[in-house]
Amino acid sequence: MASFKRYFLLILLSPILWLQGKHVRRVTPLLPEAQGPRQGTSGEGPPLSILVAGDSGAAGVGVARQDEALCGQLLQRLGTQRTVHWQLMARSGLDSPGLLKLLGCALEKQYDVVILCVGVNDATALRSPAQWLKWQEQLAELVQERFKPELLIHSAMPPMHGFRALPQPLRWFMGRWAHEMNQQLASVLPILGQRVMTRPYQGAVPECLATDGFHPGRKGYAVWAEAFSAQILAHGAPMETLRRK
């Protein structure tokens, strides 16, 4: 969706989109972040250090406990082959500028893998795909400077066209907006390299959602974690081992 077409549709549909957005904010339940530890060591095998950072999805909103959320399910998969030293830095409501500020205040530490999960709040604030791309570039620069990962994974924007909390045409519009955000980020990433984007949700969406129809549920986090674990394990040999050679 070209910029002029996107903004033409936004102007054309703005009255109904505004009303629907206001309705969604009023009726959608506010679910808490998942409870549980946000750092630790898990699994067996060669060491692997991971930082997961982002918004409410990374924080586990939609499930009760961290072992059901993204980090917990990712650790379950990686822990069969690696001893994972992990940390979660996430907060509900964060957009890309907010995540940049959060990571900028974090202690510098080297991680093998950094995963960034952010973008839905950028989309709902109607931050353009081009603007969002610039923030992802800034995030990547900051991550490389402070955490020096061997692999940086951007989580793709989720399929907002399937968010049942959003009525039509708002759902369709936000789905197109999120799709273009993914397209713009994919266009600047190399096919192979140390910075990648992972698209976890390729099939049906509704059964992956929590009760609010907006955040992932347990199944949604499982799909998300499976995509990340496959990407990490496919990246190659134990990264800390490689560094020590």
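(A) Summary view of the overall build of the protein chain. Counting its regular elements, the protein chain contains 9 helices and 6 strands. Considering the protein chain as a whole, with its 245 residues, one finds that 53% of them fall into the buried category. Pairs at least 24 residues apart make up 81% of the contacts formed inside the protein chain by residues separated by at least 6 positions. Entry remark: accessible area of the protein chain is about 11,600 Å², with carbon and sulfur atoms responsible for 58%.

(B) Here's a closer look at the nonpolar core. Ranked by size, the top nonpolar core spans 30 residues in total, and within it Ile50, Val52, Ile115 and Ile232 carry the most contacts. Residue assignment for this core shows that the elements contributing at least two residues are β2 (47-54), α2 (56-59), α3 (70-78), β3 (83-90), β4 (113-117), β5 (151-155) and α8 (218-234). Counting 24 residues, the second-largest nonpolar core is a separate cluster that includes Ala123, Ala156, Leu170 and Met174.

(C) Inspection of the pattern of salt bridges at higher detail. Applying the stated criterion across every chain yields a total of 9 salt bridges. With a closest N to O distance of 3.1 Å, Arg65 and Asp67 form a salt bridge. By relative accessible area, Arg65 is classed as partly exposed at 42%. Residue Arg218 is joined to Glu68 by a salt bridge in which the shortest nitrogen-to-oxygen separation is 3.1 Å. With Arg218 in helix α8 and Glu68 in the loop between α2 and α3, the pair connects residues that are 150 residues apart, well separated along the chain. The class for Arg218 is partly exposed, based on a relative accessible area of 49%. Classification of Glu68 by relative accessible area gives buried; the value is 13%.

(D) Expanded view of the environment of Pro200. By the secondary structure assignment, Pro200 is in the loop between β6 (195-198) and α8. Considering only alpha carbons, one finds Pro200 and Ser155, 45 residues apart in sequence, at a separation of 7.9 Å. Excluding residues within four positions of it along the chain, Pro200 makes contact with Val223, Trp224 and Ala227.

(E) Spotlight on helix α7 (residues 170-188). Its 19 residues place the ends of α7 28 Å apart at the C-alpha level, agreeing with the 27 Å of an ideal helix rising 1.5 Å per residue. The complete set of buried residues in α7 reads Leu170, Phe173, Met174, Gly175, Trp177, Ala178, Glu180, Met181, Asn182 and Leu185.

So, how was this worked out
Residues numbered from 1 in each chain as written. Predicted model: local features only at pLDDT ≥ 70, side-chain atom pairs only at ≥ 80, totals over all residues. Heavy atoms only, no water. Helix = DSSP H or I, 4+ residues; strand = E, 2+ residues; numbered from the N terminus. Buried < 20%, exposed > 50% of the residue type's maximum accessible area, 1.4 Å probe, protein only. Contact = heavy atoms within 4.5 Å. Areas by Shrake-Rupley, 256 points an atom, 1.4 Å probe, with all protein chains shown as cover. Core = buried A, V, L, I, M, F, W, Y, C linked by side-chain atoms within 4.5 Å. Salt bridge = Lys/Arg side-chain N within 4 Å of Asp/Glu carboxyl O. Expected span 1.5 Å × (residues − 1).

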